[in-house]
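Residues per chain are reported as follows:
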Amino acid sequence: METKAYFNNINGLRFLAALCIVVHHVEQIKHTYGLQNFWGSDVVEMLKHVGVVCFFVLSGFLFGYKILEKEQLTPKEFLLHRFRKFYPLYFVLVVTSLFVFPKVSLFQIPKFDYSILQNPLLPISYIAFLPNVALAAFVVVPFLAHTWFLGVLEQTYVVIILAIQRFKIKKVFITILLLYLIVRVLLKCFHSVIPTFFDQFIHQFNIDCVVIGGLFALVWNKEKFQKILCNNVLFIFSSAMILSLLIFGVKVPFVLYEILALLFGVVIYNFAKRKKLNIGFENRVFNLLGKISFEIFLFHPIAIVLGIKLVTTFQIPLCSVYLFGFCFTVLFAWIMNRLCGFLYSE
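Residues numbered from 1 in each chain as written. Predicted model: local features only at pLDDT ≥ 70, side-chain atom pairs only at ≥ 80, totals over all residues. Heavy atoms only, no water.

## Considering the state of the cysteines
Next, step 1: A full pass over the atoms with the stated rule returns 0 disulfides.
Next, step 2: Considering cysteine sulfurs only, C54 is the nearest to C20, which forms no disulfide, with 7.8 Å between them. (Disulfide = S-S within 2.5 Å.)

## Let's talk about the packing of helix 2 (residues 42–68) against helix 10 (residues 207–218)
Each packed pair of helices is defined by two parameters, the angle between the axes and the distance between the axes.
Next, step 1: For the pair helix 2 and helix 10, interaxial distance at closest approach is 6 Å and the crossing angle is 45 degrees. One element, helix 2, and the other, helix 10, form an angle in the oblique class. As for the relative orientation of helix 2 and helix 10, their crossing is right-handed in sense. Contacts from V53, F56, V57, G60, F61, G64, Y65 and L68 of helix 2 reach helix 10 at C209, V210, G213, G214, F216, A217 and L218.
Next, step 2: Split by residue class, the contact of helix 2 with helix 10 holds 11 nonpolar, 4 polar and no charged. (Axes fitted to C-alpha atoms, helices over the stretch in contact; angles between N-to-C directions. Helix = DSSP H or I, 4+ residues; strand = E, 2+ residues; numbered from the N terminus. Parallel < 35°, antiparallel > 145°, perpendicular 65-115°, else oblique. Left-handed = near helix turned anticlockwise from the far one by under 90°. Contact = heavy atoms within 4.5 Å. Nonpolar A, V, L, I, M, F, W, Y, C, P; charged D, E, K, R; others polar.)

## Some remarks on the pattern of salt bridges
Next, step 1: Scanning the entire structure with this criterion turns up 5 salt bridges.
Next, step 2: Between K251 and D42 there is a salt bridge whose closest N-O contact spans 3.6 Å. Taken together, the residues K251 in the loop between helix 12 (232–247) and helix 13 (256–273) and D42 in helix 2 connect sequence positions 209 residues apart.
Next, step 3: Relative accessible area serves as the criterion here: at 39%, D42 is assigned to the partly exposed category.
Next, step 4: Among the ionic pairs, K48 bridges to E45, the shortest N-O distance being 3.2 Å. You can see K48 and its partner E45 sitting in helix 2, 3 residues apart, about one turn around the helix. (Salt bridge = Lys/Arg side-chain N within 4 Å of Asp/Glu carboxyl O. Buried < 20%, exposed > 50% of the residue type's maximum accessible area, 1.4 Å probe, protein only.)

## Quick notes on helix 10
Next, step 1: Here helix 10 contains 12 residues, and its C-alpha end-to-end distance of 16 Å stays within 8% of the 16 Å for a straight helix at 1.5 Å per residue.
Next, step 2: With 11 of its 12 residues buried, helix 10 lies for the most part within the structure.
Next, step 3: Taken together, the buried positions of helix 10 are occupied by I207, D208, C209, V210, V211, I212, G213, G214, F216, A217 and L218.
Next, step 4: Buried-residue contacts for helix 10 involve helix 2, helix 7 (148–163), helix 8 (169–189), helix 11 (223–229) and helix 13. (Expected span 1.5 Å × (residues − 1).)

## Some thoughts on the environment of L229
Next, step 1: Here L229 is to be found in helix 11.
Next, step 2: It is 9.9 Å that separates the C-alpha atoms of L229 and V219, two residues lying 10 residues apart in sequence.
Next, step 3: In this structure, L229 is in contact with F216, V219, L234, V266, Y269 and N270, ignoring residues within four places of it in sequence.

## A word on a nonpolar patch on the surface
Next, step 1: Taken together, the side chains of I174, L178, L179, I182, L186, F190 and V193 define a hydrophobic patch exposed on the protein surface, amounting to about 670 Å² of accessible area.
Next, step 2: As for its placement among the helices and strands, I182 is situated in helix 8. (Patch = residues over 30% accessible without salt bridge, like charges linked within 9 Å, V, L, I, M, F, W, Y side chains within 5 Å. Areas by Shrake-Rupley, 256 points an atom, 1.4 Å probe, with all protein chains shown as cover.)

## Let's talk about the environment of Y65
Next, step 1: Structurally, Y65 can be placed in helix 2.
Next, step 2: In the structure, Y65 is positioned 151 residues away from F216 in sequence and 9.0 Å away in space, judged by C-alpha atoms.

## A few points about the packing of aromatic side chains
Next, step 1: Counted under the stated rule, the structure contains 31 aromatic pairs.
Next, step 2: Ring centres 6.1 Å apart and planes at 55 degrees place the aromatic pair F281 and F286 in the tilted group.
Next, step 3: Here the aromatic rings of F328 and F332 are separated by 6.3 Å at their centres, their planes lie at 10 degrees, and the arrangement is stacked. Of this pair, F328 and F332 both sit in helix 16 (residues 320–344), 4 residues apart, which is roughly one turn of the helix. (Phe/Tyr/Trp six-rings, centres within 6.5 Å; stacked < 30°, edge-to-face > 60°.)

As structure tokens, then:
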């Protein structure tokens, strides 16, 4: 979600989060095609967690900042903004993935049972922008499974923006965070009797990460918190912890996402608050890739499959999947971004 204020390094961080998810899915899709891969390794698994949490916290931070600046507070204005900016591309992906790609041999995924797509509830779930519900209730659908993230994010926004019409934003954030953690604890305690669908739905519904990002935005003008958070030692420690968890593939039981969310909250707050903080994320390339990160996230599975097809057809070294997959991803993302910019330009 964009904001009128410009925060240094944020576009670079947004791109790196997208890159983590792309690399994770390259290994997953290589595994699906029976190619040599690192799918299942701790590092590849952690790439997904780091990328997803970073996106959630960053989205929550920018959303909280908008609320703090009194921007787009009404549900109608907010939903219209989201529809205009993000939904069209999402629906293009849904329609092509459900109704076009299954009939094109180039995009048919090995061992996937396409008869599942005949269940009318599955396309309805995706078209109604409930991809997280579809993933929990049905199966992993090629080119669409990753959109569960967007469903969670949009549903979280709607819950929050409706709640703040009646209650103060600080109380809303804290209440949501506590309620979510309580539900998680109850699910852990009574896992054996909880329906699988509900368990998976809550496990994916990481509203707490979005709220944690929002809480960092709410202390934006609090001098006391600024002195604590804008600290070189804390910033370096948080960055080092994220890298350590990623590099060593450390899995913290139950609270991994919450720990990552707090660490990313500190990093993002420092990026936003300290304009002179220069760690190399602020450059033309990262700014461009960060601006099209939504399109990168949305269309990268298609690009990866094309890269794999190219590599296997012409017997190019397997490592080239990353090169072709990344180039195709950026190309598709840039074209889609420019197309939307052209269609919506006034």
